[in-house]
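Descriptive structure summary
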Amino acid sequence: MYTYNELRRDVCALCRQGAECGSIGRSVAGQHIVYVRLGPKDGGQIIVQGGIHAREWVTSVLVMRQIRFLMRERLPLGVYFLPMTNPDGCTLAQSGTGAFPDYADSVGALAGDVRLWKANLRGVDLNCNFDARWGRGAGNVREPAPSSFVGYSPESEPETRALAAFTRRVRPVLTVSYHALGREVYYEFGQTGERLKRDRAIAAAAADWLRYRLVHGDLGSAGGYKDWCVSALGIPALTIETVSEKHSHPLDESDLIGEERNLWLPLVLAKLMKKNSCAPL
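Calculation notes
Throughout, residues of each chain are indexed from 1 in the direction in which the sequence is written. The model is predicted, so local features are restricted to residues of pLDDT at least 70 and side-chain atom pairs to those at 80 or more, both for listing and for counting; the totals for chains, interfaces and linings are taken over all residues. The side-chain quantities take in all heavy atoms of the structure and omit both hydrogens and water. Helix and strand definitions here come from DSSP, where helices need a minimum of 4 consecutive H or I residues and strands a minimum of 2 consecutive E residues; each element is numbered from the N-terminal end. Classification of residues uses two cut-offs on accessible area relative to the type maximum, computed with a 1.4 Å probe and protein chains only: under 20% is buried, over 50% is exposed, and between them is partly exposed. Only four residue types enter the charge count, namely Lys and Arg as positive and Asp and Glu as negative; His and the chain termini do not. When a carboxyl oxygen of Asp or Glu lies within 4 Å of a side-chain nitrogen of Lys or Arg, that pair is called a salt bridge. Here a polar contact is taken to be a pair of N or O atoms separated by no more than 3.5 Å, where protein atoms must pair a possible hydrogen donor with a possible acceptor and residues adjacent in sequence count only if both atoms sit in side chains. We call two residues in contact when some of their heavy atoms are within 4.5 Å. Given the number of residues in a helix, its expected span is that number minus one, multiplied by 1.5 Å. Relevant arc is that of directions from the helix axis to the C-beta atoms, nothing else.

1. Observations regarding the side chain of Glu56
In this fold, Glu56 is placed in the loop between β3 (45–49) and α2 (58–70). Among buried Asp, Glu, Lys and Arg side chains, Glu56 stands out as unpaired, with Arg55 the closest opposite charge at 4.3 Å. From its side chain, Glu56 meets the backbone nitrogen of Ala180 in a polar contact 3.2 Å long. With residues near it in sequence (within four places) discarded, Glu56 still touches Gly51, Lys118, His179, Ala180 and His249.

2. Side note on the side chain of Thr239
Note on placement: Thr239 falls in strand β8 (residues 237–242). A relative accessible area of 10% places Thr239 in the buried class.

3. Remarks on unusual backbone geometry
For the bond from His249 to Pro250, the omega torsion is 0°, close enough to zero to count as cis. Checked against the element boundaries, Pro250 lands in the loop between β8 and α8 (265–275). In this structure, Arg211 is a non-glycine residue whose phi angle is positive, near 65°. Relative to the elements of secondary structure, Arg211 occurs in the loop between α6 (193–210) and β7 (213–215). What makes Arg211 exposed here is its relative accessible area of 60%.

4. Looking at α6
Helix length check: α6 (18 residues) gives 26 Å between terminal C-alpha atoms against 26 Å at 1.5 Å per residue, within 8%. When α6 is considered as a whole, its buried residues turn out to be Leu196, Arg198, Asp199, Ile202, Ala203, Ala206, Ala207 and Leu210. Projected down its long axis, α6 carries its buried residues within an arc of 165°, all on one side. The exposed residues of α6 that point more than 90 degrees off its buried face are Gly193, Glu194, Lys197 and Asp208. Lining the buried residues of α6 we find β5 (174–180), β6 (184–186), β7, β8 and α8.

Take a look at the structure:
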């Protein structure tokens, strides 16, 4: 089990090895949402984030493995890695309500098996809390829950506000969001014309490299980080569901066996974006 404290320790070690490290903000419980940046500071930047859903904390392991792997590679674009966007939720799913005594009653009233919790500490699903058809997604709920609660308004949560503000500041040419599970790549959210053609080509390259299924259409998605990047910023954004659907939640690190091609993906995408001059449409 890969905990938030282990993440902080490992990020400090990466800093000592020469990576740029920092925090984009804090969670409900005040924990830092840490980032690591590799590659050139000038030119286009990519954001790769994981751990936005608590029970999918194995994506944090995967993103950290990407960082270690790519530190020895020459990246043509800068890449910001956010391994654990929802540190409170990941801690809750791993350690139970005892990790946050002040929230034990409220979480306990909602949760069956807390290992399956997806939301933040306030029961808001962070990947439904962005300003992109907010509240109109298939399966959205209107009150605190282990998953799918859209929140009290777009960006009502500190984690969502931090990620949105950071993304606006960085102005990335591409974002990649890791989830688990299903071995699928999603990219659509209402794009048309040349933007749709551009984004489909990028998503297809990712799916081909990973040997995942490329999914067309948004399938009723709304309020997600990918959705917001596409609709508000006009940039390509991928949601990547790693880990075979043969597995089931709760997951652990052993479920990442066979997903090693993901280690190369930021480099593959950076080369593609560089080749295409990172041109917005």
